[in-house]
Amino acid sequence: MSAPPLPAVSVCVVGSGPSGLYAVDAIARKRPDAAIDVLDRLPTPFGLVRAGVAPDHLGTKNIVRQFDRALSRPGIRFLGNVAVGRDLSLDELKAIYDAVILAVGAPLDRPLGVPGETLAGVYGSGAFVGWYNGHPDHAALAPRLPGPSVAVIGNGNVALDIARILAKTPEEMADSDLCAHAAEAITAAPITDIHIIGRRGPVEAAFTSVELAELGQLQRARPVVNAAALENLSTEAETDPRVRKVKERNLEILREFADRPDGGEPVRLHLHFHAAPCTVLDDGSGCAAGLRLERTQVKDGRAIGTGTTFDLPATTIITAIGYRCAAVPGLPMDESRGIIANEEGCVETGVYVTGWARRGPSGVIPTNRSDALAVAGRVLADLETVVLPKPGPDALDSLLTSRAVRPVCYADWQKIEAAEVARAAKGRPREKFIRVEDMLAALGPS
Ligand code: NAP
């Protein structure tokens, strides 16, 4: 005798970035009978693949082909331009779906916590990257880029992305999807010196080697490293052999940078280590003029100030020091980690969290796959216990119709995408719409 059919269950995934879509894929494979709705507050899917991944890293964005397949499966719907907290509440979603998975990322810049960080010319990397990538929240940022020096605080891959995008020539960016407004502003900015600032040493830097090596392959910019900062370094304290290998490769790259002769390049990328920001300096008119930094030593893995400070001029300062999750009303936050409090992805009965909102802003895109698989496993096990399924997608449709909310479906997104591709300059993959109104206008009259 075959087992009785499982009741038709429904799942809502809030957020259509990698973590949400990996979860969708994992659940759909095991429960093809489940109705899965994917909500996003923007009319466009793919989260950080669209608005975070560097515009010149187009290969990384190919992952969307896999996500396209997930969103095209029967039983799965994309509902863009539907915001939880604006169009409907989390409580309403909980009443409609058997499982609600929050894949809302960590969109808020962590504060630097030093005097002067609110001066004009100081930006968080979330805002700055969102600006050049055309995220509607940040596209109007219009950052001050008066030159000649920019400081990027942080020794992670986001700091490298920002430094590289500012250093590349228009020709090097010609086949990228850098938004036109940002390309124009960056081309016009008279930048000669970009400082990448680490509060710990080269061994502790969070760069990955491919991204670090890219700094050495730029047409008009030369990486500058003080050879003395690379003396007597050891990776022995690192116990994970894979991480140790990356650190050793990073040191090789940095040594190669330090050995490079000055070829008269018009832009220099200075890699500073053991320098912790103390104050953003004011130019006297409320604009950033530079950074006061304290020399540090690393003790037991922590940066300890030595009391010696020095000033570095910079009229634009970008902090690339990590992100926090936005609070979701009604759900507990783990304030110290900036995430939604959870136990292995479970927030409360029927509510789950995955990706950066679950574990914090770490790892590359595929890291979210293993994360999502684990959370999906938990969701699938709980779905097995559902006896009386909740009303599911029809109830969502009624609610949205009653509030005159018109979601952007997957076919609508494909129209927006086609319009972006059609308006791109020759050689570019797309010219993104940077305002929600323009995305919706591309759909024509409703
Ligand atoms: P990250 O890798 O965690 O790096 C953050 C950096 O900020 C660290 O160097 C950290 O130093 C520093 N920092 C934190 N607080 C600071 C403070 N108060 N003052 C000075 N420095 C401070 O984060 P991320 O660069 O934002 O990247 C997020 C994740 O996305 C990472 O996993 C990254 O690899 C990934 N990503 C990958 C790519 C790619 O693969 N191409 C591109 C972009 C991002 P400490 O180490 O001392 O805390």
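The structure this text deals with has already been given above.
All figures in this text were calculated on a predicted structure; none of them were measured in a lab. (Residues numbered from 1 in each chain as written. Predicted model: local features only at pLDDT ≥ 70, side-chain atom pairs only at ≥ 80, totals over all residues. Heavy atoms only, no water.)

Describing the overall build of the chain
- Looking only at helices and strands, the chain has 15 helices and 19 strands in total.
- Taken over the C-alpha trace, the chain has a radius of gyration of 23 Å; the compact-globule value for 446 residues is 22 Å, and the two agree within 12%.
- Seen through its principal axes, the chain has C-alpha atoms that stretch 75 × 50 × 40 Å.
- Buried residues in the chain amount to 51% of all 446 residues.
- Taking the intrachain contacts of the chain between residues at least 6 apart in sequence as the baseline, contacts between residues at least 24 apart amount to 74%.
- Taken as a whole, the chain presents about 20,000 Å² of accessible surface, with 54% of it coming from carbon and sulfur. (Helix = DSSP H or I, 4+ residues; strand = E, 2+ residues; numbered from the N terminus. Rg over C-alpha atoms; globule rule 2.2 N^0.38 Å. Buried < 20%, exposed > 50% of the residue type's maximum accessible area, 1.4 Å probe, protein only. Contact = heavy atoms within 4.5 Å. Areas by Shrake-Rupley, 256 points an atom, 1.4 Å probe, with all protein chains shown as cover.)

Considerations on the packing of aromatic side chains
- This structure, assessed with the given rule, holds seven aromatic pairs.
- Plain terms: the ring middles of Tyr 323 and Trp 356 are 5.8 Å apart, the flat faces sit at 20° to each other, and that makes the pair stacked. Within this pair, whereas Tyr 323 is found in strand E15 (residues 323–324), its partner Trp 356 is found in helix H11 (residues 356–359), the two being separated by 33 residues in sequence. One exposure class covers both Tyr 323 and Trp 356, and it is buried. (Phe/Tyr/Trp six-rings, centres within 6.5 Å; stacked < 30°, edge-to-face > 60°.)

Details of the nonpolar core
- Of all hydrophobic cores here, the largest spans 45 residues; its most connected members are Phe 128, Tyr 132, Ile 162, Leu 166, Ile 194, Leu 254 and Leu 271.
- It is helix H7 (residues 157–167) that contributes the most residues to this core, seven residues altogether.
- Residue contacts for Ile 162: discarding those within four places in its chain leaves Ser 125, Phe 128, Val 129, Tyr 132, Val 152, Ile 318 and Ala 320.
- Formed by 42 residues, the second largest nonpolar core is a distinct cluster that contains Ala 26, Phe 67, Tyr 410 and Leu 443. (Core = buried A, V, L, I, M, F, W, Y, C linked by side-chain atoms within 4.5 Å.)

Some points on the pairing of strand E4 (residues 99–102)
- Taking every second residue as pointing to the same face, both faces of E4 are buried, with Ala 99 and Ile 101 on one and Val 100 and Leu 102 on the other.
- As paired strands, strand E1 (residues 10–14) and E4 are joined by four bridges and run parallel to one another. Bridge pairing in E4 places Val 13 opposite Ile 101.
- With three bridges connecting them, E4 and strand E19 (residues 351–353) associate as parallel partners. Bridge assignment links Leu 102 to a residue of E19, and that residue is Val 353. (Pairing = 2+ DSSP bridges.)

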